[in-house]
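Commentary on secondary and tertiary structure
So you can see what is in the structure, the chains are spelled out below.
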Amino acid sequence: MEPVTAQDVHDAATRIQGHVVRTPLTVGPDTDRPFLVKPESLQPTGAFKLRGATNALALLDGDRRERGVVTHSSGNHGLALTLAAVREGVACTVVVPEGAPETKVYRIRALGARVVVVPPAERESAVEDLVAKEGATFVSPFDDRQVIAGQGTVGLEILEQSPDVTTIVVPVGGGGLASGVVTAAWTVHPRRVRVVGVEPELAADAAESLREGRRIPWEPERTYRTMADGVRVCLSDLTFAHLRDRLDAIVTVTEEEIAEGVRALAHGSRLVAEPSGALSTAALLSGKVETIPGRPEATVAVLSGGNIDPDLFVRLVEPD
């Protein structure tokens, strides 16, 4: 497998310019553990996924555009690919696992995609069937070099916005965002900027895989225990290779720590985060990733998305 390069990420940044928001850096919610937050929740679709989907779609030729695109997603990638496709006049189908947040599924439909709901274990086979029957092009949520390159533009922006950054903390699900960000981090000086991944304890396939030195997928019955629906998927061979070779460390957080991350971002930074989006903040607030006293610009937490069910958000942010 050919790894994504720094040049791939720079090319993606040029390609998606004007189609995604250059999100700012803002102060994190904890003055005792100072850090900055990169709120990708401010993207038009509410998550970083628009970057990779836009880059991948831009590279499709005319024939594949005519046949449409298909993907599987619990929400954020589906939203992103749908918006990118609508902008280009391309038909889009999103296979959604049962149990995906209704707020995300509603928005996918509202944007104009065809939605196919299947049991979680059948999401990939359902996509394969659609590709075989309809000739649509599969755009993976993370197992795609161009998607990874697009997600890496998050890292490029951080490096430009905070030249003194020494640590970037990023959520890990399928690994596309972390693979892209860690590739971008190498564009300054190799290993100068440390990249740390974060997973829920209840969906920690990447942590186990990296510890054992081989990819160890977790079945949906295990990963679906976490409230962080955006990271219930497992690494692919491609993303595992990137993280194995490039990621500096990976930590896990509890469901209680994730809830505190959502709550702290809402009350302390005035930011809406879904549980998956709050993973990096949860790791920093719990002390599982160290910060540098008095230097918030040295540590950046990626808030990957803010598409949270309203009822869940209310429950998480209400005072105890």
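The structure reproduced in this document is the subject of the present report. As the structure is a computational prediction, the values presented were derived from the model and not from experiment.

1. Some points on the pairing of strand β7 (residues 167-171)
- Extensive coverage of β7 is indicated by the burial of 5 of its 5 residues.
- Sheet topology note: the β7/strand β8 (residues 194-200) ladder contains 5 bridges and is parallel. Its bridge partner lying in β8, P171 is registered against V198.
- Taken together, β7, helix α9 (residues 176-185) and β8 form a β-α-β motif whose crossover is right-handed.
- Bridge count for β7 against strand β10 (residues 299-303) is 3 bridges, and the pairing is parallel. When the sheet's bridge partners are listed, T167 is paired in β10 with T299.

2. Here we look at the sheet that holds strand β3 (residues 69-72)
- Pairing within the open sheet is parallel, and its 4 strands lie in the order β5-β4-β3-β6. Of all the strands in the sheet, just β5 (114-118) and β6 (137-138) have a single pairing partner and so form its edges.
- Summarising the sheet, strand β4 (residues 92-97) and β5 pair through 5 bridges and their orientation is parallel. Considered in β5, the bridge of P97 is made with V118.
- Sheet strands touched by helix α5 (residues 102-111): β4 and β5. Its angle to β5, the strand with the most contacts, is close to 150 degrees.
- Its contacts with the sheet place helix α6 (residues 123-134) against β3, β4, β5 and β6, and it is angled at close to 170 degrees to β3.

3. Considering the layout of surface pockets
- Of the pockets and cavities examined, the largest pocket occupies roughly 440 Å³.
- The set of elements that each furnish at least two residues to the lining of the largest pocket consists of α6 and α11 (220-223).
- Looking at the lining of the largest pocket, the element that brings in the most residues is α6, giving 4 residues.
- Of the volumes computed, that of the second largest pocket is approximately 230 Å³.
- Only α1 (6-16) and α8 (153-161) provide two or more residues apiece to the lining of the second largest pocket.
- Per-element accounting of the lining of the second largest pocket gives the leading share, 4 residues, to α8.
- Considered class by class, the residues forming the lining of the second largest pocket number 5 nonpolar, 4 polar and 4 charged.

What counts and how
Residues numbered from 1 in each chain as written. Predicted model: local features only at pLDDT ≥ 70, side-chain atom pairs only at ≥ 80, totals over all residues. Heavy atoms only, no water. Buried < 20%, exposed > 50% of the residue type's maximum accessible area, 1.4 Å probe, protein only. Helix = DSSP H or I, 4+ residues; strand = E, 2+ residues; numbered from the N terminus. Pairing = 2+ DSSP bridges. Right-handed = clockwise from strand over helix to strand, strands pointing away. Contact = heavy atoms within 4.5 Å. Axes fitted to C-alpha atoms, helices over the stretch in contact; angles between N-to-C directions. 1 Å grid on protein atoms, 1.4 Å probe; cavity = no way out; pocket = protein on both sides within 12 Å on 5 of 7 lines; lining within 4 Å. Points joined across faces, edges and corners; volume = space filled by probe spheres on them. Nonpolar A, V, L, I, M, F, W, Y, C, P; charged D, E, K, R; others polar.

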